[in-house]
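Inside the fold
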Amino acid sequence: MSIRKVVAQAPGRVNLIGEHIDYSDGFVLPFAIANVTTATITEREDSIITVASVQRKSLSYKTALEKLAPLTGEDWARYPLGVVWAMKDLGITRGMDILIDGKVPLGAGLSSSAALECSIATGLNALFNLGRTKEDLARLTQRAENLYVGVPCGIMDQSVSLMAHEGSALLLDCRDLSTRNIPFDIAPHGLELLIIDTQAHHALVDGGYAERRASCEKAVAELGITSLRDISVADYEQAGKSLDATIYIRGLHAVTEMKRVLDTVAALEAADFTRVGQLLNESHRSLRDDYTVSCPELNLAVDAALSTGALGARMVGGGFGGSAIALARVEDIEMMKSAISQAFAAKSYRAPRFFTSLPSEGAHVVSQM
Ligand code: GLA
């Protein structure tokens, strides 16, 4: 037998708007960043699977195809192995050596885990000729993360890592995974999207996420609707009066955020960046005060960005740490970064890191032999 090999890449993401609504069938508007994870997968003649990382050489992991079982194995290796497990019955017949080169910043809320999962899924799909669509791969990688890794995430991060296109944000309908590319070319308008990694990670991350998700499910059940997608803000405000106060306010975030996503698309199409900025601010307020998934570091980053001229700013991702984004004029960016750094230093917070990225291409096969 000739040994086959594939190299596949998948990017991390930032979410422009549409936070904590992917698991409520909402619309979201993320884009892929330029930082990618590269997976090199070499087929073996036996059923052994090895996983190694360019960044953490000491952490290689060895198992076998028939031994894969949810919630087993070391934490970091669960991500690639979970994807092999989720795709195993589709036609993976042999073991493999997996080498991961991860260039998406870890722990920054930029979806390094989705990038890892999607690089593996894209590679396996090509290596074993599985013929799966990007929508299939999104559902399979989400399944891997939910069941094998044990994280109850939605489907946004995997979808955008797989389906994004250069130059555009991806309007994703999380109900049926249909998409529309929304051009996001802000440089000609003198603007830039600053990504601020607060370097904060609060312990609430896991439990807090699951609890918010459960609240939305409870609101749906008690209102007797199919999902928070299927109720207008006005109807929710009316019907929601019967709900417990906490459940009501969580659901209110979801229904208002869904509207903000569609309003942002309209504002982008009209090149009305002042309005885009307002919508980012409203999203942050809702996440901070209603959904309560922000944290002091994220709020400080947002406030410091706004006080140095940002058109809008908000936390992104699951919350309780990670990154914020600020839509800003290019000439304000350096001053904004130093104001944010100084504000963090004054509170003795860890120094923030700054990134910027143009909307980049989704997952693809780099080479195959
Ligand atoms: C995390 C999850 C996503 C999504 C966001 C919040 O990134 O992985 O599915 O729920 O949080 O929008």
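Now for a look at the structure at hand. Given the structure is predicted, the values throughout are model-derived calculations rather than measurements.

**Quick notes on the site of the ligand**
Around the ligand sit Arg-13, Glu-19, His-20, Asp-22, Tyr-23, Cys-153, Gly-154, Met-156, Asp-157, Tyr-209, Gly-317 and Gly-318, and those are all the residues in its vicinity. Contacts to the ligand include His-20, whose backbone N or O atom sits 2.7 Å from an oxygen atom. Asp-22 is positioned such that a nitrogen or oxygen atom in its side chain is 2.5 Å from an oxygen atom of the ligand. Look at the ligand: alone it shows 310 Å² of surface, and the protein chains cover 91% of it. A breakdown of the residues in the shell around the ligand according to their chemical character gives four nonpolar, four polar and four charged.

**Structural notes on the packing of aromatic side chains**
All told, the structure shown has five aromatic pairs when counted by the stated rule. On the basis of an interplanar angle of 70° and a centroid distance of 5.5 Å, the ring pair of Tyr-23 and Tyr-209 is categorised as edge-to-face. Here Tyr-23 is found in the loop between β1 (5-17) and β2 (27-43), whereas its partner Tyr-209 is found in helix α5 (residues 205-223), with 186 residues between them in sequence. Taken as a pair, Tyr-23 and Tyr-209 share a single burial class, namely buried.

**Some words on the sheet that holds strand β8 (residues 191-201)**
Read across the open sheet, the four strands follow the order β9-β10-β8-β11; overall the sheet is antiparallel. The strands lining the two open edges of the sheet, one partner per strand, are β9 (312-315) and β11 (353-356). Ignoring strand direction, the axes of neighbouring strands in this sheet form an average angle of 20°. As defined by bridge partners, β9 adjoins strand β10 (residues 321-329) across four bridges and the pair is classed as antiparallel. In the sheet register, Met-315 faces β10, and the bridge partner there is Ala-324. Sitting on the sheet, helix α8 (residues 273-290) touches β8, β9 and β10, and the angle it makes with β9 is about 30°.

What counts, and at which threshold
The written sequence of each chain sets the order in which its residues are numbered from 1. pLDDT decides what is reported in this predicted model: residues at 70 or higher carry local features, side-chain atom pairs at 80 or more are listed and counted, and totals for whole chains, interfaces and linings draw on all residues regardless. Side-chain metrics in this entry use all non-hydrogen atoms of the structure; hydrogen atoms and water are not considered. To be near a molecule or strand, a residue needs just one of its heavy atoms within 4 Å of it. Identification of polar contacts relies on pairs of N or O atoms within 3.5 Å, with a donor-acceptor requirement for protein atoms, meaning one able to donate a hydrogen and the other able to accept it, and with residues adjacent in sequence counted only if both atoms are side-chain atoms. All accessible areas in this document rest on Shrake-Rupley with a 1.4 Å probe, and a residue is counted as covered only by the protein chains that are shown. Each residue is assigned to one class: nonpolar for Ala, Val, Leu, Ile, Met, Phe, Trp, Tyr, Cys and Pro, charged for Asp, Glu, Lys and Arg, and polar for all the others, Gly among them. Classification of ring pairs uses Phe, Tyr and Trp, with its six-membered ring standing for Trp, and accepts pairs whose centres are within 6.5 Å; under 30 degrees between planes counts as stacked, over 60 as edge-to-face, and the remaining range as tilted. In this text, helices come from DSSP runs of H or I with a minimum length of four residues, and strands from runs of E with a minimum of two, each type numbered from the N-terminal end. Remark: exposure states derive from per-residue accessible area (1.4 Å probe, protein chains only) relative to the maximum for the residue type, with buried under 20%, exposed over 50%, and partly exposed in between. Only strands that DSSP links by at least two bridges are regarded as paired with each other. Fitted lines through C-alpha atoms serve as axes, helices being fitted only where they are in contact, and the angles separating the N-to-C directions of these axes extend from 0 to 180 degrees. Contact criterion: two residues are considered in contact whenever any of their non-hydrogen atoms come within 4.5 Å of each other.

From the geometry alone we can't say anything about function, so treat these as descriptive.
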